[in-house]
Amino acid sequence: MPETELTTGPEEKSELVFFVNGRKVVDQDADPEMTLLTYLRTKLRLTGAKLGCGEGGCGACTVMVSRYSQAQGKVLHLAVNACLAPICSLHGAAVTTVEGIGSTRTRLHPVQERLAKAHGSQCGFCTPGIVMSMYTLLRNHPCPDMDQLEAAFQGNLCRCTGYRPILEGYKTFTKEFQGCCGGMAGNGCCRNIQNGQAANGHAENGQAANGHAENGQGANGHVANGDTVNGQPNGNAGNGWTEDVSTELFQVSEFRPLDPTQEPIFPPELMKSAGGDQTTLKFVGERVTWIKPATFKEVLELKTKFPQAKLVVGNSEVGVEVKFKNCEYPLIIAPGHLPEINFHRYTEHGITFGAGCTLTYLNDTLTEAIADLPEHQTRLFAAIVEMLRWFAGHQIRNVGCIGGNIVTASPISDLNPIFLSAGCTVTVASHQGGSRVVRMDHDFFPGYRRTAVAPEEVMVSLDVPFTKENEYFLAYKQARRRDDDIAIVNAAFRVRFEEGTNVIRDIGLSFGGMAPTTVMARNTANRLTGLKWDNDLLPEACSSLEDDLPLPPSVPGGMAEFRRTLTTSFFFKFFLSVQQRLNIKDVPPPYRSACSLYHRESPHGSQMYQEVPEGQGREDAVGRPIMHLSALKQVTGEAVYTDDMPPLQGELYVGLVLSKKAHAKILSIDPSAALQMPGVEMFVGAEDVPGSNITGPAVMDEEVFASEKVTCVGQVVGAVLADTQAHAQRAAKSVAVQYEDLEPKIITIEDAILHQSFFHPINKIEKGNLQEAFEKADQIIEGELRIGGQEHFYLETCAAIVVPHGEDGEMEIYCSTQNPAKTQMLAAKALGVPANRVVCRVKRMGGGFGGKETRTCVVSSVCAVAAHKAQRPVRIMLDRDEDMMMIGTRHPFLSRYKVGFMNDGRVVALDISLYNNAGNSLDLSRGVMDRALFHSDGGYTIPNVRAVGYVCKTNTVSNTAFRGFGGPQGLFFAEGWISDVAIKCGISQLKVRELNMNREGDLTHYNMKLERCQMERCWQECVKKSDFHTRRRQVNRFNGENRWKKRGLAAVPTKFGISFTATFLNQAGALVHVYTDGSVLLTHGGTEMGQGLHTKMVQVASRVLRIPTSKIHISETSTNTVPNTSPTAASASSDLNGMAVKLACETILQRLEPYMGKGSWEDWVRAAYFDRVGLSATGFYRTPGLDYDMQKNEGRPFNYFCYGAAVSEVEIDCLTGDHTVLRTDIVMDVGDSLNPAIDIGQIEGAFVQGYGLFTMEEQVYSPDGVLYSRGPGMYKIPGFADIPVQLNVSLLRGAPNDKAIFSSKAVGEPPLFLASSVFFAIKDAVSSARADAGLKGTFRLDSPATAERIRMACQDQFTAQFPAAEPGSFKPWAIRL
Ligand SMILES: Cc1cc2nc3c(=O)[nH]c(=O)nc-3n(C[C@H](O)[C@H](O)[C@H](O)COP(=O)(O)OP(=O)(O)OC[C@H]3O[C@@H](n4cnc5c(N)ncnc54)[C@H](O)[C@@H]3O)c2cc1C
Ligand code: FES
Ligand code: FES
């Protein structure tokens, strides 16, 4: 028991009282270390809210917390991250979870219904959080506007949908959608419909969000007269498609209206007791005591007595410190409710805010002030409000307080630079010293995470001053992602002039991200004071900032040149903005682009697909946009994921001991300290493996537990079993492992090349005569290009529950895996039992994307061994950081190429070597490399090719499958060199691509003939629909008129081969049971990870059996129903399993035929049963004709190809590297779509995931092979605000595929690469910036095109000021794998 418990607060432990979904919860023994999320999920068994990250970065855990505010006299409803909210902070609050607002058993809330019906839920793991963010918004604003809608999701991530359908569904709640009639006229406002607009919402500029509406388009989006894009006919009239095109994926008229009066009321009991905070509460846990003082005086007394006690208000800093930085705070004081730190007050000089005011409160109060007061007085307020737009998400701003941000003293705090430049003051108080006022100046932050506030002091308030008429204030921030991200560098600038002049009276320049603390550029300020604000000032300021803000090349955080460049670039923006405002000397028009604040329109676009043929039966679901079959369960939180399963009796939790070394000998493992810890049962290691410790999904080159040495950071060394997750994880950290470093430590591809560390054999595809072709070529280019790895970031991390049955070695594994068969086989091998004793079951996954194809076996095999040793059920769900460390990612690739081409742009020869970083084991890396080799021709026909693939063995975690499986990397390099060919030839990129494009009958470099090649059709349609040529001219014009903002436009094609390249995997099985009541239980070999496979399979079965989908159920995938299944991967699962399902259903149908004369389906089934006819059948399918031989370079590796094309337009900020995707048009060939809603969802989801790959997602590794980017804080996937402002997706019509089920095509992977159109559009924009700086010709831009790469490629006077340090002259903080 902590000492503090004996010496502080009341004698007795207090009762924690709060409400959850209207029910009162009283806990006599609340543990201060427990979060609300854990409490809901484990104690109350409300598993709707999900754990996606545990650090406030994904929003999957969002719930609504309501409190009665005495000060405001009303109930406040706040979206909150349950993963960061300590349970003790909930005293007196009412919590609403997704279960509390509606269910499939009672009725759905409109927020749930609309998300499901608009196809806004795929895997569903993010869904409860998104529902709750929307619900909270509507509780506060029953008819929000689009800005409010978009802002509500700043703290929510989704990895599946690409966000568009979520916004589309929820737009129907907005003012813009509802218009004058409340949206009740069917699809949107009646006025828009009368105007022939707005099929599904947004109706500005004569366009509709969900389908363009001119040319007589009806209210439901059906194109009667040829579809139109931007009001332009697309030229398809008369080609036979025009009558059967639909843009409607859901029916708004089906939506139930929102009735705010029906929402649950705030518990009256809490209203009454809200004023009763007069009692001090004390909650005592195993290690931590939590005190909620009744008075501020008590807070000061406690702080005097216990200066090291932590004050906690929002817990958004402290929670992360405890969870991820192993900080321990035995005494917590929670003063957030006290009026002394919760107020705002206007004063003569500005507004004073209590330090406990939340950031939302700060924002709202300042926004009101801006509206009420003269503009000049509120320039500082405006800068704060603008900065808060980019500060975390709603969930964090709703709880995080001003004092918390200041006192944390983060070097990248967004507010502290503003407060410093503004010269704000804070009032602090202590029990003995009373209160004092401290100015926030250069002395305020004396060191890393230290402030001028003494340990025994408490911050009471902050004064935010008004600005004067001759004073200007602006703040800037550049992050990896615009929304909800911490800054790389931020800055705040204030300047005040002598009255009526442009002479600087005083100036404040503060920066974050440039030192261990927020810093002020004081020398610069001194040098500039007294100078005039004219063009001579700029060089003076820039050179002085360079001196004031030095960064060594090895600086923690890396990016030294970029960060330094940002400081002067930001100042330049400020300089021009003030110059413009002063009107002293007009800023040249092209330069004004540096000053504009970020603004983007609400996203909109269209989705077009072919309707089912006339005459198709109403009950035949194939080809219709039916909803994901689990969607309703996902939006209500009823869908069960692995960790949602109730605990089993005697269950233990597995805490993993992971290697901290990249390459080292294990000298000893000592679990003794861990074994002494509370709740711990045992340690499990290599010696406990009853079968074989040697394992591996492809070849046996791994160990279940590292036995003698470790070969990467994150490798499993051992496991601790304990009664709870917290105990197991804590104990695992206490296991002492001694290592001895081994050499060499091979981390990067370059290291592997140096050490010739490759997996053999080295595969090669060779065609034609390269030497001759290069000799004949007019020109040759040689180059090198890289593309980084990509973290899967499925929202549900890897999870498993393993249950030993105690008999014959039987064991049951519930696992979140794409590969039940491999899970079963590898567990059996580790256990030393035949596979028939192990059953693996998969209900659904919260996303997979390839990350759960093989690497989950690492986790499930460890758990199987643990369950065997304990002979008790065990459970694990990896924390996000563990998952990111242990489970490999998309492979980073390096290519070295030589391309020969003619002056007209025709490519005649390609010699390319590809290197991928496989990590410490082979896993699927060879398959990934082979696919990259197959796709290294892009969408082009090249007569002479040599493509060689080196699979690099390194001391990093084993990399694995990821949507596209090497394809996107191969395709990316092709687009890289082809755009350089165009530049070298001085011909447009579009023309060079068209010239070399694959055509019907062409032979690929692996000698496969292209049949039914839809490449050109996709391309031409996309170029036309996107109005490419007109927009090219517009982009050129824009670039001519703007120096610091540039636009870029690019088109890319894609051709993606469908089939597993490991031929044996192209097989599938299905099992159909028909029960005597007519219901059908369907099982097949594929797993459901959100991609809608089960929905499609039910559609297939429904068509074959000729019964409605409602009669068919899929419960799970399991190895005891369909054996020896291939992983659900390679986009082929609908093709393979669909055929197997079809065959099984056909067998059943054949057997039923004799009974099908009269009566219903149920009658036939019963008649057959009584006639003793078997009502269960299997189906088995193998893809025919796959016979590729790489040695001979002949045969067919693929069943067929998917084709597509995309055009993207972007705008970049040349000074910061920021970018916005203005528009993307996609035309994708999916054959005859089985389900257009699912297919469009896959295309958009893949596109946004690919967008992350090509622009934003960057793994950050230390030179010693330690992953820094271990969570959403540092690893950024695209958010709601990153999707294209306009996104138009068309499914190619009239292109049936004779090689797959019901003429459909695969869709999961092929569209991902189309996102590279954004990358090449960015490159196009950068070229324009470089041209302005006098730089012409080709240049290298590696993927991802991060803000850093964009900024540094836009070379100008600011980048020239900070040249890169010579590689090798310093030890970098981070490296690229
Ligand atoms: C997902 C996520 C995103 C974030 N994004 C951003 C961002 O974009 N920009 C940014 O700047 N920050 C960001 N943060 C950091 C954090 O949210 C803010 O710093 C927030 O303001 C902290 O407030 P809090 O109430 O949650 O602090 P807490 O965690 O409760 O406390 C933080 C510290 O402040 C001390 N403290 C609190 N109040 C007082 C007081 N009155 N007197 C003395 N000490 C006090 C506490 O003792 C503690 O040391 C983010 C955090 C998360 C988890
Ligand atoms: S789990 Fe809470 S924000 Fe990710
Ligand atoms: S549906 Fe959003 S993460 Fe899967």
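Residues numbered from 1 in each chain as written. Chains lettered and ligands numbered in written order. Predicted model: local features only at pLDDT ≥ 70, side-chain atom pairs only at ≥ 80, totals over all residues. Heavy atoms only, no water.

(A) Representation of the site of ligand 1 within the structure. Taken together, 34 residues lie around ligand 1, and Lys310, Leu311, Gly314, Ser316 and Asp414 are the ones closest in. Take Val313: an N or O atom from its main chain is 2.8 Å from an oxygen atom of ligand 1. Residue Asp485 places a main-chain N or O atom 3.5 Å away from an oxygen atom belonging to ligand 1. Relative to its unbound accessible surface of 990 Å², ligand 1 loses 93% to contact with the protein. For the shell around ligand 1, the secondary structure elements donating two or more residues are β11 (310-311), α11 (318-324), α15 (402-408) and β17 (458-465). Considering every element that reaches the shell around ligand 1, the biggest residue donor is α15, with five residues. Its residues placed into classes, the shell around ligand 1 shows 18 nonpolar, 10 polar and six charged. (Near = heavy atom within 4 Å. Polar contact = N/O pair within 3.5 Å; in protein donor to acceptor, adjacent residues only side chain to side chain. Areas by Shrake-Rupley, 256 points an atom, 1.4 Å probe, with all protein chains shown as cover. Helix = DSSP H or I, 4+ residues; strand = E, 2+ residues; numbered from the N terminus. Nonpolar A, V, L, I, M, F, W, Y, C, P; charged D, E, K, R; others polar.)

(B) Structural view of the packing of helix α29 (residues 967-985) against helix α30 (residues 989-996). In the contact formed by α29 and α30, the axes pass within 8 Å of each other and the chain directions differ by 115°. α29 and α30 meet at a crossing whose hand is right-handed. In contact with Glu975, Ile978, Ser979, Val981, Ala982 and Ile983 of α29, α30 contributes Gln989, Val992, Arg993 and Asn996. Here the residues of the contact of α29 with α30 sort into five nonpolar, three polar and two charged. (Axes fitted to C-alpha atoms, helices over the stretch in contact; angles between N-to-C directions. Left-handed = near helix turned anticlockwise from the far one by under 90°. Contact = heavy atoms within 4.5 Å.)

(C) Spotlight on the sheet that holds strand β46 (residues 1200-1213). Taken together, the six strands give an open sheet; going across it, the order is β8-β22-β48-β47-β46-β40, and neighbouring strands pair in mixed fashion. Among the strands making up the open sheet, the edge pair consists of β8 (245-246) and β40 (1045-1058). When β40 meets β46, the two strands line up antiparallel, connected through 14 bridges. When the bridges of β46 are listed, Lys1046 appears paired with Ile1212. Across the face of the sheet, helix α37 (residues 1316-1332) comes into contact with β40, β46 and β47 (1219-1228) while running at roughly 150° to β40. (Pairing = 2+ DSSP bridges.)

(D) Seen up close, the packing of aromatic side chains. Within the structure shown, the criterion is met by 46 aromatic pairs. When the ring of Phe493 is compared with that of Phe511, the centres are 5.5 Å apart and the planes differ by 70°; the resulting orientation is edge-to-face. With a gap of 18 residues between them, Phe493 in strand β19 (residues 487-497) and Phe511 in strand β20 (residues 504-512) connect regions that are remote in the sequence. As far as burial versus exposure is concerned, Phe493 and Phe511 are alike and both buried. Aromatic ring contacts, followed pair by pair, group Tyr472, Tyr476, Phe493, Phe497, Phe511, Trp533, Phe570, Phe571, Phe574 and Phe575 into a single cluster. A cation over a ring is seen here: Arg114 above Phe173, with NZ or CZ 4.0 Å from the ring centre. (Phe/Tyr/Trp six-rings, centres within 6.5 Å; stacked < 30°, edge-to-face > 60°. Buried < 20%, exposed > 50% of the residue type's maximum accessible area, 1.4 Å probe, protein only. Lys NZ or Arg CZ within 6 Å of the ring centre and 35° of its normal.)

(E) Structural view of the UniProt feature "binding site: Mo-molybdopterin" (unreviewed entry) in the protein. Summarizing the sequence annotation, UniProt attributes the feature "binding site: Mo-molybdopterin" (unreviewed entry) to Gln818, Phe849, Arg963 and Ala1130 in the numbering used throughout. In terms of the greatest pairwise C-alpha distance, the residues named above, spread along 313 residues, form a tight cluster of at most 12.4 Å across. Mapped onto the elements of the fold, Phe849 is located in the loop between β35 (838-842) and α26 (856-870). Apart from the residues within four sequence positions on either side, Phe849 is in contact with Arg159, Cys160, His792, Tyr794, Gln818, Ala961, Phe962, Arg963, Met1089 and Gln1249. With respect to the element layout, Arg963 can be found in the loop between β39 (944-953) and α29. (UniProt positions renumbered as here; feature names shortened; annotations may be inferred.)

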